[in-house]
Amino acid sequence: MKKLLYYTIYIVGYALSLLPFWILYGISDVFYAIVYKALGYRTKVVRNNLSSSFPEKDASELKDIEKRFYHCLCDYIVETIKMMSMSKAKIRRHMVFHGIEEIDRCVEEGQSVAVYLGHLFNWEWITSFPLWTNGKGHCGQLYHSLENESFDIFFLKLRQRWGAECIALTDILRKTVEYKQKQQPTVIGYIGDQVPHWNNIHHWCQFLNHDTPVMTGAERIAKKNDQALFYMDIERVKRGYYKVTMQPITRRPKELKEYESVDIYFQMLEQNIRRQPELWLWSHNRWKRTREEFNERFEVVNGKVVPKEGME
């Protein structure tokens, strides 16, 4: 049954991907009417996130961002399907990378690179990044497996189409050390704007008007392996066309204070979001964990987050 579901997803998806963009965006407009206007998919979460992130904006401005977000969300669906049959030349026209020279310089000098990015549309197309490098650095991205095995296999195949390896969250430290021992420079992307689990909360920062728990693993890995740090800035030029700019943070991560690069990343991500707020994944319940609840339920013992007595 799992194989049957996977092949059904793949065959249907591939057939749809052969449709021209103008038809796919017509389908996206239908999705918009269903997902947003008819079903109101996660509108409560989206509205709470927008109003608390942009208290300076009035109701009409927030409503406009909300509508544009749902249009982008539906475009994301058809654009991701389109990936299945897009040629290398076509994806390079639709997702253009700038600032690659700095990445190539690091790799040519034997230094691996860690790239921070966020859930900004269309992050799936960013897996075409290897098509823009000089081929010397091994490219990869952190990957969190999906609960549905068939969809998990489908997205793994899709995200590795253009040569970027999907590395499981549980394997990332081992993999980076392994590549370092082989003297193989890597360029690995970390989407760090998810909600960390309680036992992985070691740092909080101000982000979009919220006291925000953040993931710090990328910084620890970068410092351990002396990796250059970059931020991947995303801009939607027009429907179906994106511009990605590699912005350097530091080539000497060990010289930064603890969590300094994390704070810089979230500052850059916020600037990116404020420029085009409709591109960020507002339907994600990003601020469901609060510092007050953390302080009530957990404590840090020898650098590890553990439940307080009676809170297991």
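Residues numbered from 1 in each chain as written. Predicted model: local features only at pLDDT ≥ 70, side-chain atom pairs only at ≥ 80, totals over all residues. Heavy atoms only, no water.

What follows is about the sheet that holds strand S8 (residues 228–238). In a beta sheet, neighbouring strands pair by backbone hydrogen bonds and run either parallel or antiparallel. Strand order in this open sheet of 7 strands is S1-S9-S8-S2-S5-S3-S4, and the pairing throughout is mixed. Each of the sheet's edge strands pairs with one partner strand only, and the pair in question is strand S1 (95–98) and strand S4 (165–168). Across the sheet, the axes of successive neighbouring strands diverge by a mean angle of 30 degrees, strand direction being ignored. In this structure, strand S3 (residues 138–143) lies alongside strand S5 (residues 186–191), joined through 4 bridges in parallel fashion. (Pairing = 2+ DSSP bridges. Helix = DSSP H or I, 4+ residues; strand = E, 2+ residues; numbered from the N terminus. Axes fitted to C-alpha atoms, helices over the stretch in contact; angles between N-to-C directions.)

Evaluation of the coordinates by the stated rule reveals 0 disulfides. With no disulfide of its own, Cys166 lies 12 Å from the sulfur of Cys139, the closest cysteine sulfur. (Disulfide = S-S within 2.5 Å.)

Here we take up a nonpolar patch on the surface. Among the surface-exposed residues, Val30, Ile34 and Leu39 lie close enough to one another that they form a single nonpolar patch of about 290 Å² accessible area. Among the secondary structure elements, Val30 is positioned in helix H2 (residues 21–38). With relative accessibility at 47%, the residue Val30 sits in the partly exposed group. (Patch = residues over 30% accessible without salt bridge, like charges linked within 9 Å, V, L, I, M, F, W, Y side chains within 5 Å. Areas by Shrake-Rupley, 256 points an atom, 1.4 Å probe, with all protein chains shown as cover. Salt bridge = Lys/Arg side-chain N within 4 Å of Asp/Glu carboxyl O. Buried < 20%, exposed > 50% of the residue type's maximum accessible area, 1.4 Å probe, protein only.)

With that settled, the discussion passes to helix H9 (residues 217–225). Here H9 has its buried residues at Ala218, Glu219, Ile221, Ala222, Lys223 and Asn225. On its buried side, H9 packs onto strand S2 (113–117), helix H8 (172–181), S5, S8 and helix H10 (260–275). Trailing H9 by a residue or two, Asp226 shows a phi angle of about 55 degrees, which is positive. (Contact = heavy atoms within 4.5 Å.)

This paragraph deals with the packing of H2 against helix H4 (residues 59–82). Between H2 and H4, the shortest axis-to-axis distance is 8 Å and the interhelical angle comes to 130 degrees. Overall, the two elements H2 and H4 adopt an arrangement that is oblique. Regarding H2 and H4, the two cross each other, and that crossing is right-handed. Side by side, H2 and H4 meet where Phe21, Leu24, Tyr25, Ile27, Ser28, Asp29, Phe31, Tyr32, Val35 and Tyr36 of the first sit next to Lys63, Glu66, Lys67, Tyr70, His71, Cys74, Asp75, Ile77, Val78, Glu79 and Lys82 of the second. Taken together, the residues of the contact of H2 with H4 sort by class into 12 nonpolar, 2 polar and 7 charged. (Parallel < 35°, antiparallel > 145°, perpendicular 65-115°, else oblique. Left-handed = near helix turned anticlockwise from the far one by under 90°. Nonpolar A, V, L, I, M, F, W, Y, C, P; charged D, E, K, R; others polar.)

Nothing here speaks to function; it is geometry throughout.
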